[in-house]
Amino acid sequence: MRIDCLKYEWARGTEDIDINFFSSVAPTLIETIDLFDYYQDETMSEIEYSFEDVDSDNIFYVKTSNLSFNCINDNLISDTLLFDFFAVFESNKYLKWKLNYYDDNDSLIYSGIIYKDGVSVESVEDKILNIVCIGYEKEFKDYFAKDPLKAWDTEPVIQSFSSGVNGLTYLSLRDSILKNFTNVDFNFFSNFYHFINTYLCSEKPFTYQQNIATDPFYIKFKDDYNVLHLKTGYSCYVLDKVNKFTWFDSFIKPMGWIWYFYLNKLIIQERATTDYDVLNIDCSEVEVSQSLSHRYNQFQVNNVVIMDGSYFDLGYNRTAA
Amino acid sequence: MFSVLSTNHGNLSHNLGGDSAIVYSDINFYSNKVRPFRALRINPDNHYGFTYYDHEFTRNIGLNEYTVDFINVSISHTSPYDITDTIINYNGFKTLILRPYVNSRDNSGGIDAHNRLADTGAYYGRGNFFLAANAPMTEHQGFYNGSAANSLFRYDADLELYINYEQHVRLDTFTKNFKKFLKTNDEVIIELQVKQLITNPLQTVHLTNYQDADLEDKYFSIIRLSFHPIDEISTLTLQMIQ
């Protein structure tokens, strides 16, 4: 078992937004140590993936997967003092640390980031540090919430509609995401069958009814009356000058999908998914305790309402809520 | 564009526009249809006709986010229509509101019913245009905005149909995705603590020899996973998915 901790530093003068592992500005790796050499017994927290939560005001938010534990400043194995490694007595905003936790089989089981304010001295006298490692979700949001959504890019445009639906231009959702999040490793990238790879993203809003009588390439939509109705398009958000994270969140949340980081990879999945390999748990051999209920106790609501914009015209000249 | 004559409103014009809300509830009725028109009809003069009869949809009436108006337009094809409003006030304490970013009204799209084939100038295709590019509004134009999910669509090879967000919110996949938030009686949630280090949430779980029930043919999605890497104890919250 080992806990690799990699100390990175960005060059002095780097813009605040670029002091981020998702930035195109690369930091310098200063030093790597095994924090397990410094670990104080019985201080390790659980690692939790709960993906999301709702606060007391029923506000929905994404949860990071965190880990905390204590370390002792020095040990007999390494010469490095943690007070120095974590620059405890130094004011330096250009430092961040990556943490990679490996099990006894040398398999990576958790990864996260340690920020300067995630290291606190629990006891100066006993030279004990408390270390809080945060999942990559925070780093992702911090960076892309300040990065403007890219303008619509015409390459590669898929032009498979040949039925006279003039003006309906679109990219695959996969390309739309990858063009905006260039330094992010997504789970759908290497999985051809991932559902994200089936979606298309329209450039502009579009409403259309085909003329069955005259159109030789009749395209069918899953609509009782075969109306194609796309209320929005990618360019609406570019024109609004929104950031990349806002756009990302604006389709993930209402679709019912969730996102989180697992071992440095950004996972997008259906909240209730059946897509993964099956893990068989034999309860007679490994079970410690169990409970069964008909609800997830974390939430206590009867209704989910997704605000979805508005319809308006000359007579109902209203703005969206 | 969205105005119709309504018998319930003194045979006066009644506008079906307004704020849209997708709803998923275990105690209140919902339809997850939000567009205020039923269908489009191509008229001989190459105009679109909008049909409103025999249509039901939900809108938020703007008093607050917890008030939804379920609207039903009569089956009769002829105006004036009999419009039924069913106002549902949700308990704010028992309602989860999701507010994805909605594009601004200025950058909303619209359709011009009297220019169905227009592809040039302010029109980027088949009568579609951005509001800002084609001001001022006319009575033949209708506009809409929404979350970015409304810009997505996909081809379903099994159905041989294109599916957009309007349809997605009425699929089982969508309701499954939101089911964990609700107090329901038809959902099975199991919390299990095991003496085994399970670190990967990207798995579907199958339980054998579960003491209280035969779950041999059931599969579960992990909705929460925690593990202690040193004690090697893992706790899973599982949602039955099939």
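Residues numbered from 1 in each chain as written. Chains lettered and ligands numbered in written order. Predicted model: local features only at pLDDT ≥ 70, side-chain atom pairs only at ≥ 80, totals over all residues.

1. Section: the overall build of chain A
Item 1. Helix and strand counts for chain A stand at 6 helices and 19 strands.
Item 2. When its C-alpha atoms are laid out on the principal axes, chain A stretches across 85 × 60 × 40 Å.
Item 3. When each of the 321 residues of chain A is scored for burial, the buried share is 34%.
Item 4. Looking at chain A alone, contacts between residues at least 24 apart form 63% of all its contacts between residues at least 6 apart. (Helix = DSSP H or I, 4+ residues; strand = E, 2+ residues; numbered from the N terminus. Buried ≥ 20, exposed ≤ 12 C-beta atoms within 10 Å, placed from the backbone. Contact = placed C-beta atoms within 7 Å.)

2. Observations regarding the overall build of chain B
Item 1. Check the secondary structure of chain B and you find 2 helices and 19 strands.
Item 2. On C-alpha atoms alone, chain B measures out to a radius of gyration of 24 Å, which is more than a quarter above the 18 Å that the 2.2 N^0.38 rule sets for 242 residues.
Item 3. If one aligns the C-alpha atoms of chain B with their principal axes, the spans along those axes are about 70 × 40 × 35 Å.
Item 4. Taken across its 242 residues, chain B has 44% of its residues classed as buried.
Item 5. Of the contacts made within chain B by residues no fewer than 6 positions apart, 50% connect residues no fewer than 24 positions apart. (Rg over C-alpha atoms; globule rule 2.2 N^0.38 Å.)

3. Thoughts on the environment of B:Y81
Residue and element names in this part refer to chain B.
Item 1. Mapped onto the elements, Y81 comes out in the loop between β7 (67-73) and β8 (83-89).
Item 2. Taking the C-alpha atoms as reference points, Y81 and T7, separated by 74 residues in sequence, lie 5.9 Å from one another.
Item 3. Residues in contact with Y81, not counting those within four places in the same chain, are V4, L5, S6, T7, Y52, Y53, V73, S74 and S76.

4. A short note on helix α5 (residues 244-255) of chain A
Residue and element names in this part refer to chain A.
Item 1. Taking 1.5 Å per residue, 12 residues should reach 16 Å; α5 reaches 17 Å between its end C-alpha atoms and fits that length.
Item 2. In terms of burial, α5 is a largely internal element, 10 of the 12 residues being buried.
Item 3. Those residues of α5 not exposed but buried are K244, F245, W247, F248, D249, S250, F251, K253, P254 and M255.
Item 4. Within two residues after α5, G256 carries a phi angle of roughly 90 degrees, on the positive side. (Expected span 1.5 Å × (residues − 1).)

5. Observations concerning the sheet that holds strand β10 (residues 128-133) of chain A
Residues and elements named next belong to chain A.
Item 1. The strand order β6-β10-β9 describes an open sheet built from 3 strands, whose pairing is antiparallel. At either end of the open sheet lies a strand with only one pairing partner, and these are β6 (67-72) and β9 (119-123). For this sheet, the mean inter-axis angle between neighbouring strands, taken without regard to orientation, is 30 degrees.
Item 2. Here 4 bridges tie β9 to β10, and the two strands are oriented antiparallel to one another. Within the sheet, the bridge partner assigned to S120 lies in β10 and is N130. (Pairing = 2+ DSSP bridges. Axes fitted to C-alpha atoms, helices over the stretch in contact; angles between N-to-C directions.)

6. Some points on the nonpolar core
Item 1. Judged by nonpolar contacts, the single largest core of 119 residues is most densely connected at A:C201, A:V304, B:L152 and B:L238.
Item 2. Ranked by the residues each element gives to this core, the list is headed by strand β19 (residues 303-313) of chain A, at 6 residues.
Item 3. Apart from residues no more than four positions distant in its own chain, A:C201 is found in contact with A:Y170, A:L171, A:L173, A:S176, A:Y234, B:S151 and B:L152. (Core = buried A, V, L, I, M, F, W, Y, C linked by C-beta atoms within 7 Å.)

7. Digging into the pairing of strand β7 (residues 95-102) of chain A
All names here are of chain A.
Item 1. Relative to β7, strand β1 (residues 2-9) runs antiparallel, the two being bridged by 8 bridges. Bridging from a neighbouring strand, C5 pairs with L99 of β7.
Item 2. Bridge count between β7 and strand β8 (residues 108-114): 6 bridges; the pairing is antiparallel. Residue pairing in the sheet places L99 in a bridge with G112 of β8.
Item 3. Remark: 5 residues form the turn of the hairpin made by β7 and β8, two consecutive strands paired antiparallel; D106 in that turn has positive phi of roughly 65 degrees.

8. Notes on the interface of chain B and chain A
Item 1. At the interface, 128 residues of chain B touch 106 residues of chain A.
Item 2. At 8 residues, strand β3 (residues 18-25) of chain B tops the list of elements feeding residues into the side of chain B that touches chain A.
Item 3. The pairing of strand β3 (residues 47-49) of chain A with strand β18 (residues 220-228) of chain B spans 3 bridges and is antiparallel. Counterpart to A:Y49 in the pairing with β18(B) is B:L225.

9. Digging into helix α2 (residues 172-179) of chain B
Item 1. Here α2(B) has its buried residues at B:F174, B:K176, B:N177, B:F178 and B:K179.
Item 2. In this structure, the buried residues of α2(B) make contact with β16 (265-270) and β19 of chain A together with β3 and α1 (165-168) of chain B.

10. Some thoughts on the sheet that holds β1(A)
Residues and elements named next belong to chain A.
Item 1. On the basis of which strands lie adjacent, the open sheet formed by 4 strands has the order β2-β1-β7-β8 and antiparallel pairing. Because the sheet does not close on itself, it has two edges, and the strands there are β2 (28-34) and β8. For this sheet, the mean angle separating the axes of adjacent strands, direction not counted, is 20 degrees.

11. Things to note about the environment of A:Y136
Residues and elements named next belong to chain A.
Item 1. Along the chain, Y136 falls in helix α2 (residues 136-144).
Item 2. When the 23 C-beta atoms within 10 Å are taken as the criterion, Y136 is described as buried.
Item 3. As a C-alpha pair, Y136 and G13 span 123 residues in sequence and 24 Å in three-dimensional space.
Item 4. In contact with Y136, not counting residues within four places along its chain, are G112, I113, F261 and N264.

12. Some remarks on the domain arrangement of chain A
All names here are of chain A.
Item 1. With domains assigned, chain A is organised as domain 1 (2-144) and domain 2 (170-278).
Item 2. Each partner contributes to the interface: domain 1 provides 14 residues, whereas domain 2 provides 12 residues.
Item 3. If you list the elements that add at least two residues to the side of domain 1 that touches domain 2, you get β8 and α2.
Item 4. A total of 5 residues in the side of domain 1 that touches domain 2 trace back to one element, the largest contributor, which is α2.
Item 5. Grouping the constituent residues of the side of domain 1 that touches domain 2 by class yields 7 nonpolar, 4 polar and 3 charged. (Domains from an automatic or database assignment. Nonpolar A, V, L, I, M, F, W, Y, C, P; charged D, E, K, R; others polar.)

13. Describing the domain arrangement of chain B
Item 1. We note that the domain assignment places domain 1 (3-94), domain 2 (109-168) and domain 3 (188-240) within chain B.
Item 2. Between the C-alpha centres of domain 1 of chain B and domain 3 of chain B there is a distance of 44 Å.

14. Some words on the pairing of strand β13 (residues 141-145) of chain B
The side chains of a regular strand alternate between both faces of the sheet.
Item 1. Where burial is concerned, most of β13(B) is hidden: 5 out of the 5 residues are buried.
Item 2. Both faces of β13(B) are covered, namely the face carrying B:Q141, B:F143 and B:N145 and the face carrying B:G142 and B:Y144.
Item 3. One ladder, built from 4 bridges, connects β19(A) with β13(B); its direction is antiparallel. Looking at the pairing, A:S310 lines up with B:N145 of β13(B).
Item 4. Note: strand β10 (residues 109-112) of chain B against β13(B), 4 bridges, orientation antiparallel. Note on β13(B): the bridge partner recorded for B:G110 is B:F143.

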